[in-house]
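Fold and geometry: a report
In case you want the letters, here they are:
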Amino acid sequence: MIKFLQRLALVLLLAALSACVSNPSMSAGADYFPGGSQFYSYGVVQSKENFVNVERAQSNYGMYSKQRSWLDIRAERAPGSINMLQAYYPLHVRWKFKDGREFILENIDIRAIMREYFKTHDIRLQWQREDRPRSKSGDYDPSLVHEVKDDTVIIKWLITTNHTPVNERFTSTGAANRWKLSEEEFIVTTLKGNPTSGIDFERWVEILK
């Protein structure tokens, strides 16, 4: 557990530092996020059902073009692994079945995928659906998430709704009341993995040329 936390801290530190570095794979121009949001989060929402045949899985969101820092994908909901993002980055995913088969998807062009998706789809955020200004008290940015299912990777948007009225989310002293939240997933695309072999899942950091 301690080693995992150390690796997680290292990856988050590298992500924070690399956010300041220009990625040559990203051309000029602002990216569009659900509802025209200024920010989005990135993470994993992996169901137990879709993970039942998987022995090991890892992914990397390529914020730094010269390095990949892999994080384990687990059967859990962790949609806010990286927050306050303002651009799309390439996604890399690798995984292994319990029967020994291995798959990889590298350089998934999230920007191109989203450009096409938002040509025909519109995701409205909670305050837009409720026709009110966004509240700083418990309104959530969208989260870009992924999960592994068999030999595919599913890329989705996760939208969180806070059903607690804005004026009831905090007490008069500023303490948070118990919020009632729900989540809705919007599948963007499903991508088939490329069969491979010999993945070293213990090689957490890769330096690229």
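Computed from a predicted model, the values in this text were never measured in an experiment.

**Some thoughts on the overall build of the protein**
- Along the protein, the regular secondary structure elements total three helices and 12 strands.
- For the protein, the proportion of its 209 residues judged to be buried stands at 44%.
- Within the protein, counting contacts between residues at least 6 apart in sequence, those at least 24 apart form 73% of the total.
- Of the roughly 11700 Å² of accessible surface on the protein, 53% is carried by carbon and sulfur atoms.

**Some remarks on the sheet that holds strand β9 (residues 152-162)**
- Spatially, five strands are ordered β5-β1-β8-β9-β10 in an open sheet, and the strand pairing comes out mixed. Two strands bound the open sheet, and with one partner strand each, they are β5 (77-85) and β10 (181-192). Each adjacent strand pair in this sheet contributes to an overall mean axis angle of 25 degrees, direction not counted.
- Pairing analysis gives four bridges linking strand β1 (residues 40-45) to β5, with the strands arranged antiparallel. In the sheet register, Tyr-40 faces β5, and the bridge partner there is Leu-85.
- Across the face of the sheet, helix α2 (residues 110-120) comes into contact with β8 (143-149), β9 and β10 while running at roughly 110 degrees to β10.

**Let's talk about the pairing of strand β7 (residues 102-108)**
- In terms of burial, β7 is largely enclosed, as five of its seven residues are buried.
- Looking at chain direction, strand β6 (residues 91-97) and β7 are connected through five bridges and run antiparallel. In the strand pairing of β7, Leu-91 is matched with Ile-108.
- Counting the residues between successive antiparallel strands, the hairpin from β6 to β7 contains four residues, one of them, Gly-100, with a positive phi of roughly 100 degrees.
- As judged from the three bridges shared by β7 and strand β11 (residues 194-196), these two strands associate in the antiparallel manner. Each residue of the ladder has a partner; that of Ile-104, found in β11, is Asn-194.

**Structural notes on the side chain of Glu-102**
- Position of Glu-102 among the secondary structure elements: in strand β7.
- Within polar-contact distance, the side chain of Glu-102 engages the backbone nitrogen of Gly-198 at 3.0 Å.
- Within the structure, the side chain of Glu-102 is placed 2.9 Å from the backbone nitrogen of Ile-199, a separation counted as a polar contact.
- Each residue touching Glu-102, except ones within four places of it in the same chain, is listed here: Trp-95, Lys-96, Asn-194, Pro-195, Thr-196, Ser-197, Gly-198 and Ile-199.

**Observations regarding empty space enclosed by the protein**
- Overall, the coordinates contain one cavity of 30 Å³ or more when judged by the stated rule.
- As a volume, the largest cavity reaches approximately 30 Å³.
- For the lining of the largest cavity, the per-class residue count stands at seven nonpolar, one polar and no charged.

**Thoughts on the confidence of the model for the protein**
- When the pLDDT values of the protein are averaged, the result is 89; 87% of them are 70 or greater.
- Contacts of residues 2-6 to residues separated by more than four positions or lying in other chains number one contact, the stretch itself having pLDDT below 50.
- In this model residues 8-27 is a low-confidence stretch, pLDDT under 50, and it forms 28 contacts with partners more than four residues away in sequence or in other chains.

Cut-offs applied
- Residues numbered from 1 in each chain as written.
- Predicted model: local features only at pLDDT ≥ 70, side-chain atom pairs only at ≥ 80, totals over all residues.
- Heavy atoms only, no water.
- Helix = DSSP H or I, 4+ residues; strand = E, 2+ residues; numbered from the N terminus.
- Buried < 20%, exposed > 50% of the residue type's maximum accessible area, 1.4 Å probe, protein only.
- Contact = heavy atoms within 4.5 Å.
- Areas by Shrake-Rupley, 256 points an atom, 1.4 Å probe, with all protein chains shown as cover.
- Pairing = 2+ DSSP bridges.
- Axes fitted to C-alpha atoms, helices over the stretch in contact; angles between N-to-C directions.
- Polar contact = N/O pair within 3.5 Å; in protein donor to acceptor, adjacent residues only side chain to side chain.
- 1 Å grid on protein atoms, 1.4 Å probe; cavity = no way out; pocket = protein on both sides within 12 Å on 5 of 7 lines; lining within 4 Å.
- Points joined across faces, edges and corners; volume = space filled by probe spheres on them.
- Nonpolar A, V, L, I, M, F, W, Y, C, P; charged D, E, K, R; others polar.
- pLDDT = per-residue confidence, 0-100.

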